[in-house]
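An overview of the molecular structure
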Amino acid sequence: MTRHYDDLVDYIRRKFGGREFARDVVHDLCVQLIEHPSLADIEQPLAYLRKASTNGALNRLRNENYRTEWVDVVSELPEHAHLESGEYVLDFKQNVIYLQQVIQGLPPRARQIFLLHRLYGMSQQDIATELDISRNMVTQHYRRAITEIAEKWPPLRLYYQARQQGRHE
């Protein structure tokens, strides 16, 4: 890793821009490899490190965008908020914050796939290609995320219950 450090920083900087960003990504990769070393023999270490650092950069960008969007959602009220009571506004904010906590509590792969699909609008096939997994695995992780959110987040649970009642009537 130390032999390829400068090359990786330059590689990420060229691909994503920003030397500090590139250093942060490569530093995160160093920490990740120290904490969770690969058990498999790596035939092409530089190619492996470039792929891992690219994935790390993408994850970092997505996380930054995700946080920014959530802050915007929580801080900005709907246009009609001035017509609503303070109780409604507080309830709205609490629901959004709780949803964020539920999503953050998802297993990492399920959370990643859920956010890529719902927040970034990526198709399941595009996610499968990006993450180098099968479309079936994407579907399973997404379904797990939705199920867990529906179990833990009351507005979605109530939505599904109402849909079920509508089918039975």
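Refer to the structure printed above.
Note on numbering: residues in each chain are counted from 1, in written sequence order. Residues qualify for local features only when their pLDDT is at least 70, as the model is predicted, and side-chain atom pairs are given and counted only at 80 or more; totals for whole chains, interfaces and linings, by contrast, use all residues. Here the side-chain values reflect all heavy atoms present in the structure, with hydrogen atoms and water set aside.

**Notes on the nonpolar core**
One finds Ile 103, Ile 113, Phe 114, Ile 127 and Ile 149 to be the most contacted residues of the largest nonpolar core, which totals 21 residues. To qualify as a helix, a DSSP run of H or I must reach at least 4 residues; to qualify as a strand, a run of E must reach at least 2; elements of each kind are numbered from the N terminus. Listed by contribution, the elements that provide at least two residues to this core are helix H4 (86-104), helix H5 (108-118), helix H6 (124-131) and helix H7 (135-152). If you tally residues by element for this core, the top one is H7, at six residues. Only heavy atoms matter for contacts: two residues are in contact if any of them lie within 4.5 Å across the pair. Apart from residues lying up to four places away in sequence, Ile 127 is in contact with Ile 113, Leu 116, His 117, Met 122 and Val 138. By convention a nonpolar core is built from buried Ala, Val, Leu, Ile, Met, Phe, Trp, Tyr and Cys residues, the set being connected through side-chain atoms within 4.5 Å. Accessibility here uses a 1.4 Å probe with only protein chains present; expressed as a share of the type maximum, an area under 20% marks a residue as buried, one over 50% as exposed, and anything in between as partly exposed. Counting residues in hydrophobic clusters, the runner-up holds twelve residues, among them Val 9, Ile 12, Val 26 and Leu 29.

**Quick look at the packing of aromatic side chains**
Two rings from Phe, Tyr or Trp (for Trp, the six-membered ring) form a pair when their centres are within 6.5 Å of each other. A pair whose planes differ by under 30 degrees is stacked, one over 60 is edge-to-face, and the rest are tilted. Evaluation of the coordinates by the stated rule reveals one aromatic pair. Ring centres of Phe 114 and Tyr 142 lie 6.1 Å apart, and the angle between their planes is 20°; this geometry places the pair in the stacked category. Here the residue Phe 114 occupies a position in helix H5, and Tyr 142 occupies one in helix H7, the gap between them amounting to 28 residues.

**Description of the packing of H5 against H7**
Orientation is described by lines fitted to C-alpha atoms, with helices fitted over the stretch in contact, and by angles between N-to-C directions that extend from 0 to 180 degrees. Relative to each other, H5 and H7 sit at 90°, their axes nearing to 8 Å. Regarding the angle of H5 to H7, the classification is roughly perpendicular. Here H5 contributes Arg 109, Ala 110, Ile 113, Phe 114, His 117 and Arg 118 to the contact with H7, which in turn contributes Val 138, His 141, Tyr 142, Ala 145, Ile 146 and Ile 149. In this count, Pro and Cys sit with the nonpolar residues alongside Ala, Val, Leu, Ile, Met, Phe, Trp and Tyr, while Asp, Glu, Lys and Arg are called charged and the others, Gly among them, polar. Here the residues of the contact of H5 with H7 are counted per class, giving eight nonpolar, two polar and two charged. Note on angle classes: values under 35 degrees are labelled roughly parallel, values over 145 roughly antiparallel, values of 65 to 115 roughly perpendicular, and the remainder oblique.

**Comments concerning the pattern of salt bridges**
Each reported salt bridge corresponds to a side-chain nitrogen of Lys or Arg within 4 Å of a carboxyl oxygen of Asp or Glu. The full count for this structure, using the stated rule, is six salt bridges. With a closest N to O distance of 4.0 Å, Arg 13 and Asp 10 form a salt bridge. Here Arg 13 pairs with Asp 10, and both are found in helix H1 (residues 5-16), just three residues apart, close to one helical turn. According to the relative accessible area criterion, Asp 10 is partly exposed, its value standing at 24%. One salt bridge connects Asp 28 with Arg 60, and the closest N-O pair in it is separated by 2.4 Å. Here Arg 60 lies in helix H3 (residues 45-75) and Asp 28 lies in helix H2 (residues 19-35), a separation of 32 residues in the sequence. Here the salt bridges do not stand alone but share partners, grouping Asp 10, Arg 13 and Arg 19 into one network.

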